[in-house]
Each structure stands twice: as structure tokens, then as C-alpha cells.
Number of protein chains: 2
Amino acid sequence: MIKLTQAKFVTLKDIAEKAGVSVNTVSRALNNKPDINPKTKEKIEKIADELGYVKNSYATMLKSQVSNTIGVIVPDSSNPFFSEVFKGIDRAAKEKDYQIIMMNSEGLYENEEQFIRTLLERRVDGILLFPMQKSYEDIKELIRERFPIVLVGREYDGWDVDQIYSDEVKGGYIATKYLIEKGCKRIKMITDELYNSASFGRVEGYKKALKEKGKKVQDQDIKICDKIHEGYHIQAGYDEVTKMLKQKEIFDGIFCYNDLIAYGAIKALKEHGIRIPKDVRIVGYDDITFSSLIEPELTTIRVKKEEMGYEAFNMLYKRIKSDRISNSFVKKILDVELIIRKSA
Amino acid sequence: MIKLTQAKFVTLKDIAEKAGVSVNTVSRALNNKPDINPKTKEKIEKIADELGYVKNSYATMLKSQVSNTIGVIVPDSSNPFFSEVFKGIDRAAKEKDYQIIMMNSEGLYENEEQFIRTLLERRVDGILLFPMQKSYEDIKELIRERFPIVLVGREYDGWDVDQIYSDEVKGGYIATKYLIEKGCKRIKMITDELYNSASFGRVEGYKKALKEKGKKVQDQDIKICDKIHEGYHIQAGYDEVTKMLKQKEIFDGIFCYNDLIAYGAIKALKEHGIRIPKDVRIVGYDDITFSSLIEPELTTIRVKKEEMGYEAFNMLYKRIKSDRISNSFVKKILDVELIIRKSA
DNA sequence: TATTTTTTTGGTAACGTTAACGGTACTAAT
DNA sequence: ATTAGTACCGTTAACGTTACCAAAAAAATA
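Here is a short report on the structure shown in this document.

1. Observations regarding the protein's contact with DNA strand C
No. 1: Around DNA strand C lies a shell of 27 residues, among which Asn24, Thr25 and Thr40 of chain A together with Asn24 and Tyr53 of chain B are the nearest.
No. 2: For DNA strand C, the fraction of protein-proximal atoms (within 4 Å) that sit in sugar or phosphate groups is 63%.
No. 3: Between DNA strand C and Arg28 of chain A, the relevant distance is 3.4 Å, taken from a base oxygen to a side-chain nitrogen or oxygen of the residue.
No. 4: Thr40 of chain A has a polar side-chain atom sitting 2.6 Å from a phosphate oxygen of DNA strand C.

Here it is as C-alpha cells:
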């Protein structure tokens, strides 16, 4: 039972006075330490409960220098992709009794910088970062100083830091290959801004499949929609396809950077009476929950989202627990899988 | 630039020694306090920067007794409804320079209890709670002790605490009324477990509309699906409708507790070749992003999600800043709105 | 009974920061 | 020359906890 006497928290001292023992003894009793008389312990626990003692974690953390907390920086927590990855993080953290401070960078560099500072001020034991930018001085500095950090979802080649991400090139490749095999003659790609390995990789896979099948890569077929942060992916996909249609571009297949963009693309196509997959075939990316619900059900690349989060935490945990001297960094690459549904 | 010399954080003392001044002077310099020579300040700032000083917020909080942090407890952060409410909270918190610690209770009472304790241990200045249960001793205790807390999304009648929630009865009422006016003869309702005002209110509105239109409320028409936590709403809606169909129940309208359940219901109906809205009309609740994307586009009740979060934070902020003696609590009720699309 | 061992407890200092207060040095006013 | 005022800086104590060591009490051994 939690009690706050007159909006003030009870301290160890208060308990000690009431129990007629020293503060130290109370501390030992409440922290299941050895060297304490079971009877004393019981008595102290009872008083602590009566008084509604709630430990002050600031004091504990200040003294012990560990927070049992990690920071997580995601670009957009309302994007179902990140929600699912986060679930995995959350599950792993609970297993190890760690707290999470989550921050929403909205994909903005200034935010990321600011958040890292805040997390450091809070003396988190480590940071899980979904980076958005191509490179950052602050993060590199953290890495240089061996601050426990794991980069999630994006590959940063040559960086001395633990990383976990999907095989993006493969994803882009099998998606595009499937479209070609289904008979698509001209496949467009709609991608997010090309500022990290996720977009680069998927585009690369797209190109690879085209080349392999003897098709020429047309640069104007790769649509880069900027400013699609903060949940605007759907809108971006919609706008891009609408524009393509208005300009009478010719295509019979679209490979979308993610499912949200695909949703928007489908909406635009439907509005113009274009049949999916008969006239245009669509493949998305991520396989978020809703992709099996929309019409037509979305063919997409399944990414191991929960596993990514779960593994990411455990990699970070390992790093936190190990010394900071080690020079061997782990790069974990998760496999992807084509989920065949109706849209292609 | 953040620097961590040999994985150890720099302290005020380190700066003081290097600058040849006292710790206090450094503190004043770095916190923009008066009584400091601009030249000294500049010098200290330079050294702090060189050394890569990052303040230890535990120490600050311990001393100052304020954390500028609130705790937010949501039942399921991967539910788009909560994501959107959370966005509002996040926006408001940023405006006031507050940090958020978010916790995912998964709708479990034990978790809520545990989380409140953790948040209290972290000495958050206040708590925003989306309660799942009907009543709790711990929360009541907090309220008794005037700990700053705002209950979000659910009404707790007679509780001396700030609350913000939607007009659920109205929502249930206009949804059901619309179905009746569209010609539905037999309307089922699929709801979450009846353990809070959201479910109660919506059911009440459903009943009210039926009665008003001279229809008898059939208790067996109200399907209560339990165990639909943790993102299983879609599955629950699917299972419930499948069961109804298997048992050859007769109905031409369904009012769903939320959009996710409606998605599942739609999926089940489609699989059985039942046409929407021709054979069965469906209305959802919440109006989450994806509801305008599924087929048929979902008619639903729009809840002011972002506003709810934004207002909730500001109510809490006010409470934190005011004294804790005040006996007047505010109850804010947000209006709802019927969004007519294709499913009904 | 005296001595050693074990168990249990208390005192002190420290974690890093800030607030209150006091002191010093310098300038301006009497 | 004395006083008053101001600007700047340092000392001290505190926030609540825990680690370390010493002390006391109890139990076990000689």
C-alpha cells in the first residue's frame, strides 16, 4: 500500500526513528541484504509499510551510479513498425528488470541530439537508437567513448558500434523480383528520403533485381518523397501516385518503401479506377498488422520487428554488463521474407 | 559536443579545479544564475565544454525535489488510439519542457500497480493514467494524498480527481441510432470487457438508442469478448463474428467497441461472403488512421484523441503547479462525432 | 569464567548538485 | 577617511541513499 503522508515522502530516517534503529539498518532490511536479524527486519518492514515508504531512486542511483534504465530514441512512435519493435524491446527489458525512457525524435536531427543529451543527463546505462541521419558527430563521440549504444534498424558500415538491422538489399531484391516474375514490365519504386541504409538498401535491391532480369534501371522511376515524417507516409504514397497518374506515367508495378506508403498508393489507384493487381501490382515493406486487412491484402516483405527489438535490447544489455574496453562489435542481420497476398 | 573522458562523467568539481574556482561558482555559471562575473562564466563554460560536462540530473533532482517528469501509463502503446493520444501528451509536454516516462500496462492490474510504484520511486511530478480496472486501492490512496494525477479516457464518478474523457454514451447512442435509421432491424454490439466507463458508456448509448426507437434490448446481442488485451482486438472481433455466423445468429448491423474490433468483424464477414453494408452494416469507434483505408471504409465515431492527450497533460501541469490543497477537481468531457463512410 | 567467533548493528563518508549565507574586494557616496 | 553599497565568490550544509568499517551484542568455544 502506497501512502504519502501529507504529500511528503517518507524517508529511511523517518522509519529509523520510529523503529529505534539506525538508518543503515533500515536500508539493509529493505534491500534484502544479509547481516540483519530476521525479527528486526520484519519490524522495519512493517513500519515501512505503515508509513507508506517509497524509495527515492534518485538517491539510490546517485549513490550506486547505475540507473537500470536505458533510453530508446525512435523516429515516430505512432508508426506501427516502431510500435512492434518497441514491444520486443519492452519485453526484453522487463525480463532484465530494466526501465525504458522512450523519446520520439520525429526524425529530426536536432531532436536526436537533444534527446541524447537528456538521456545522458539522466545517466541511462545505455541507448538504443534508430538513427535517421547519415552521420552525427555526437553519436560518433559516444561511440568513441565506448558509451553503451546499439544502432537499430540501420546499418552504419565501418562504425565501431553494435548494430542490428534487416537484410534490406535482399528485401528490395525479392520484392522486385516477384513483381517481375508476375509479369510487370515497368516497376516504379516509391521510397523515403535516401538518408540511411534502409532506403539505400531497398533501392539497391530493387536495382539488382531489375538488372538481373535484363531490365534497365530508369532513375526517374525511383520516386523519392521527402518530408514524409511524422505519420505522413500514407499521404506521401497517395500524393506520389496521384502525381504519377496525372503525368500519365506508364507503370504496372510499384514497390513501396513501406506498407504505409503502399496504403496511400493503393488508395490513389483505387480512386482512379485502376485495378490491383490486374492493372498494377503492389508490394509493400515491413508487414505491419493492418496489411492483411486492407483491400486488396498487401503483398509485402516481412521484417522481424519484435525480434529486432528483443535482440537489440539484449545486445545493449550485454554491452552494459561487459567492460567498455572490448573492441569486437557485433553486427546482427535479420532475415526478411516475402509474404504473398493479393496486391501483387 | 558531448565527451565522456574514459567512460566517466565529468563533475562540477572537476571543472572547478581546472578553473580554479569553487564548485558553487561553477554551478552558478552553468545555470545562468546571477552573481557571476561574465568573464568567469565564459571561462567556466569553455572548460565545461572542453571536458564534456553533462549534468547529473539525479543529483539535481535529489537536491531540488522536482523532476520535471511525468509518468504515463497506457494499456497498450501499440494500439493506434493510444499512440495518437500520446502524441498530444508529447506535444504538450515538450511545450512545458517536461519529460515523459511511458509505461505499458497491457491492461493488467498488477502492472499498473507496479508501474505506479516505479513512477513514484522515480519521483515523477505527476501521473497520467488510462485506467483499465473499475477501482483500485493504490490509486485511491494517491488521490487521497493529493498526488497530482489525471485519469484519462475513463470516467470515475464521484472520485476526487481530475478527469478527461469522451462522451461515451453519446458515442454509443449516435452510432446505434445511425444504424437504425439506415434500416437495421437487429443490431449486435461487440464490446470489450465491461470494466470501465468507456465500455459501460458505449453499451448504455447503444441501449438508449434501441429503446428510443422502440426496440427491445436483447442481452444476448451484446457480445463481451474477454482477453482481448495486447493488440488482440482485431482477432477478438474476428472470432466473435465467426462464432455468431457459425451459430446462425440473425443480425444486419454491428456496433463495435472500437475500430480494431470492427476490422476483425469485417474480415470475418467478408470471408463468409457477406456484403457490407448491403447485408450487414458496421460502425466502429475511435476513428483511427487506418479506418479510412480499409474496405469498405469504416463508418465510425471520431474521438478527439490528440486533444485528449494535450488537454490531459495541461490539466496535470496545472495540478502540479498549484498547491495540493485545492478541493475543486475538473472533469473535462470531450465531444464525439459520427464519421460517415461506407461500412454503414 | 575467559576467550574467540559469529551475528547484528551503528557511525561516517560519499554520490553530485544547489541554496543559504557569509565574506571579500572594489566603487561610490558622505 | 569612513561608510554604504554592490558585485562576485566561497563555505557549509543539505537532498536520501548505500558502502565500508568499526563496534557492540550474542553465541560458541576453550
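That was the structure; now back to the text.
2. Considering the packing of aromatic side chains
No. 1: A full pass over the atoms with the stated rule returns 18 aromatic pairs over all chains.
No. 2: Where Phe82 of chain A meets Phe130 of chain A, the ring centres are 5.2 Å apart and the plane angle is 90 degrees; that geometry is what we call edge-to-face. Remark: Phe130 of chain A occurs in the loop between β3 (126-129) and α7 (137-144) and Phe82 of chain A occurs in helix α5 (residues 80-95); sequence separation between them is 48 residues.
No. 3: What makes Phe82 of chain A buried here is its relative accessible area of 7%.
No. 4: Ring geometry for Phe313 of chain A versus Tyr317 of chain A: centroids 6.1 Å apart, planes at 25 degrees, classification stacked. With a gap of four residues between them, Phe313 of chain A and Tyr317 of chain A both fall in helix α12 (residues 305-321), about one helical turn apart.
No. 5: Residue classification places Tyr317 of chain A among the partly exposed positions, given a relative accessible area of 21%.
No. 6: Through successive ring pairs, a cluster of aromatic residues spans Tyr263 and Phe290 of chain A together with Tyr263 and Phe290 of chain B.
No. 7: A cation over an aromatic ring shows up here: Arg123 of chain A above the ring of Phe9 of chain B, its NZ or CZ 3.8 Å from the ring centre.
No. 8: Its end group placed over the ring of Tyr317 of chain B, Lys96 of chain B keeps NZ or CZ at 5.1 Å from the ring centre.

3. Let's talk about unusual backbone geometry
No. 1: Geometrically, the link from Ile276 of chain A to Pro277 of chain A is a cis peptide bond, its omega value of 5 degrees lying close to zero.
No. 2: Within the secondary structure layout, Pro277 of chain A lies in the loop between α11 (259-271) and β9 (281-283).
No. 3: Omega for the bond connecting Glu295 of chain B with Pro296 of chain B falls within 30 degrees of zero, at -5 degrees, which places this linkage in the cis form.
No. 4: Mapping Pro296 of chain B onto the fold places it in the loop between β9 (281-283) and β10 (300-303).
No. 5: Although it is not a glycine, Gln65 of chain A sits at a positive phi angle of roughly 65 degrees.
No. 6: Within the chain, Asp287 of chain B stands out as a residue other than glycine whose phi angle is a positive 60 degrees.
No. 7: With respect to the helices, strands and loops of the structure, Asp287 of chain B is situated in the loop between β9 and β10.
No. 8: Since its relative accessible area comes to 8%, Asp287 of chain B is described here as buried.

4. Points about the relation of the copies chain B and chain A
No. 1: Note on the identical chains: chain B maps onto chain A by a rotation of 180 degrees and an axial translation of 0.1 Å, with an RMSD of 0.2 Å. The symmetry that links the two subunits is that of a two-fold axis.
No. 2: Here 100% of the interface residues in chain B have copies in chain A that are interface residues too; the copies meet face to matching face.

5. Brief notes about the protein's contact with DNA strand D
No. 1: Inspection of the region around DNA strand D gives 27 residues, with Leu12 and Tyr53 of chain A together with Asn24, Thr25 and Thr40 of chain B positioned closest.
No. 2: If you look at DNA strand D and keep only atoms within 4 Å of the protein, 65% of those are sugar or phosphate atoms.
No. 3: A distance of 3.5 Å separates a base nitrogen of DNA strand D from a polar atom in the backbone of Ala59 of chain A.
No. 4: Residue Asn37 of chain B places a main-chain N or O atom 2.9 Å away from a phosphate oxygen belonging to DNA strand D.
No. 5: Secondary-structure elements contributing two or more residues to the surface near DNA strand D are α2 (23-30) and α4 (57-64) of chain A together with α2 (23-30), α3 (38-51) and α4 (57-64) of chain B.

6. A word on α5 of chain A
Residue and element names in this part refer to chain A.
No. 1: Spanning 16 residues, α5 covers 23 Å between terminal C-alpha atoms, matching the ideal 22 Å at 1.5 Å per step.
No. 2: When you tally the buried positions in α5, you get 12 out of 16 residues, the bulk of the element.
No. 3: Where α5 begins, the capping side chain belongs to Asn79, and its oxygen is found 2.8 Å from the backbone nitrogen of Phe81.
No. 4: The positive-phi residue at the C-terminal boundary of α5 is Asp97, with phi of around 60 degrees.

7. Concerning the interface of chain B and chain A
No. 1: Residue-level contacts link 61 residues of chain B with 61 residues of chain A.
No. 2: Here chain B meets chain A over a buried area of about 5,800 Å², counting both sides, of which 60% is carbon and sulfur.
No. 3: Between the two partners, chain B and chain A, sit two salt bridges.
No. 4: Glu295 of chain A is the partner of Lys270 of chain B in a salt bridge, and the nearest nitrogen-oxygen pair spans 2.7 Å.
No. 5: Where chain B packs against chain A, one counts 17 residue pairs in polar contact (both at pLDDT 80 or more).
No. 6: Looking at the side of chain B that touches chain A residue by residue, the class counts come to 28 nonpolar, 14 polar and 19 charged.

8. Regarding a nonpolar patch on the surface
No. 1: On the surface, Leu194, Phe200 and Ile224 of chain A cluster together to form a nonpolar patch covering roughly 230 Å² of accessible area.
No. 2: Within the fold, Ile224 of chain A resides in strand β7 (residues 222-224).

9. Some points on the pattern of salt bridges
No. 1: For the coordinates displayed, the defined rule picks out 42 salt bridges over all chains.
No. 2: The partner of Arg302 of chain B in a salt bridge is Asp287 of chain B, and the shortest N-O contact between them spans 2.7 Å. Remark: Asp287 of chain B occurs in the loop between β9 and β10 and Arg302 of chain B occurs in strand β10; sequence separation between them is 15 residues.
No. 3: With relative accessibility at 33%, the residue Arg302 of chain B sits in the partly exposed group.
No. 4: Each of Arg186, Lys188, Asp221, Lys223 and Glu249 of chain A takes part in a single network of salt bridges with overlapping partners.

10. Focus on α11 of chain A
Residue and element names in this part refer to chain A.
No. 1: If you check α11, its first and last C-alpha atoms are 18 Å apart, about what 13 residues at 1.5 Å a residue would give, namely 18 Å.
No. 2: Listed in full, the buried residues belonging to α11 are Asp259, Leu260, Ile261, Ala262, Tyr263, Gly264, Ala265, Ile266, Ala268 and Leu269.
No. 3: The secondary structure elements touched by the buried residues of α11 are α5, β6 (187-191), α10 (233-246), β8 (253-256), β9 and β10 (300-303).
No. 4: Put simply, Asn258 is the residue that caps the front of α11, since its side-chain oxygen is 3.2 Å from the backbone nitrogen of Leu260.
No. 5: Positive phi shows up at Gly273, right after α11, with a value of about 70 degrees.

11. Topic: the sheet that holds strand β3 (residues 126-129) of chain B
All names here are of chain B.
No. 1: One open sheet holds the six strands; their spatial order is β2-β1-β3-β4-β5-β11, and the pairing between them is parallel. Strands at the two margins of the open sheet, each flanked by one partner only, are β2 (99-104) and β11 (331-334). Taken over all neighbouring pairs, the strand axes of this sheet differ in orientation by 15 degrees on average, direction set aside.
No. 2: Pairing of strand β1 (residues 69-74) with β2 involves six bridges; the strand directions are parallel. Within the sheet, the bridge partner assigned to Ile70 lies in β2 and is Ile100.

12. Regarding the side chain of Thr242 of chain A
Residue and element names in this part refer to chain A.
No. 1: In this structure, Thr242 sits in helix α10.
No. 2: Take Thr242: its relative accessible area is 17%, and that puts it in the buried class.
No. 3: In contact with Thr242, not counting residues within four places along its chain, are Ala268 and His272.

13. Quick look at the sheet that holds strand β2 (residues 99-104) of chain A
Residue and element names in this part refer to chain A.
No. 1: The parallel open sheet is built from six strands, whose spatial order is β2-β1-β3-β4-β5-β11. Whereas interior strands pair on both sides, the edge strands pair on one side only; in this sheet they are β2 and β11 (331-334). Each adjacent strand pair in this sheet contributes to an overall mean axis angle of 15 degrees, direction not counted.
No. 2: Along the sheet face, α12 touches β1 (69-74), β3, β4 (149-152), β5 (162-166) and β11 and points at about 170 degrees away from the line of β5.

The rules behind each value
Residues numbered from 1 in each chain as written. Chains lettered and ligands numbered in written order. Predicted model: local features only at pLDDT ≥ 70, side-chain atom pairs only at ≥ 80, totals over all residues. Heavy atoms only, no water. Near = heavy atom within 4 Å. Polar contact = N/O pair within 3.5 Å; in protein donor to acceptor, adjacent residues only side chain to side chain. Phe/Tyr/Trp six-rings, centres within 6.5 Å; stacked < 30°, edge-to-face > 60°. Helix = DSSP H or I, 4+ residues; strand = E, 2+ residues; numbered from the N terminus. Buried < 20%, exposed > 50% of the residue type's maximum accessible area, 1.4 Å probe, protein only. Lys NZ or Arg CZ within 6 Å of the ring centre and 35° of its normal. Least-squares fit on C-alpha atoms with pLDDT ≥ 70 in both. Contact = heavy atoms within 4.5 Å. Expected span 1.5 Å × (residues − 1). Buried area = accessible area lost by both parts, 1.4 Å probe. Salt bridge = Lys/Arg side-chain N within 4 Å of Asp/Glu carboxyl O. Nonpolar A, V, L, I, M, F, W, Y, C, P; charged D, E, K, R; others polar. Patch = residues over 30% accessible without salt bridge, like charges linked within 9 Å, V, L, I, M, F, W, Y side chains within 5 Å. Areas by Shrake-Rupley, 256 points an atom, 1.4 Å probe, with all protein chains shown as cover. Pairing = 2+ DSSP bridges. Axes fitted to C-alpha atoms, helices over the stretch in contact; angles between N-to-C directions.

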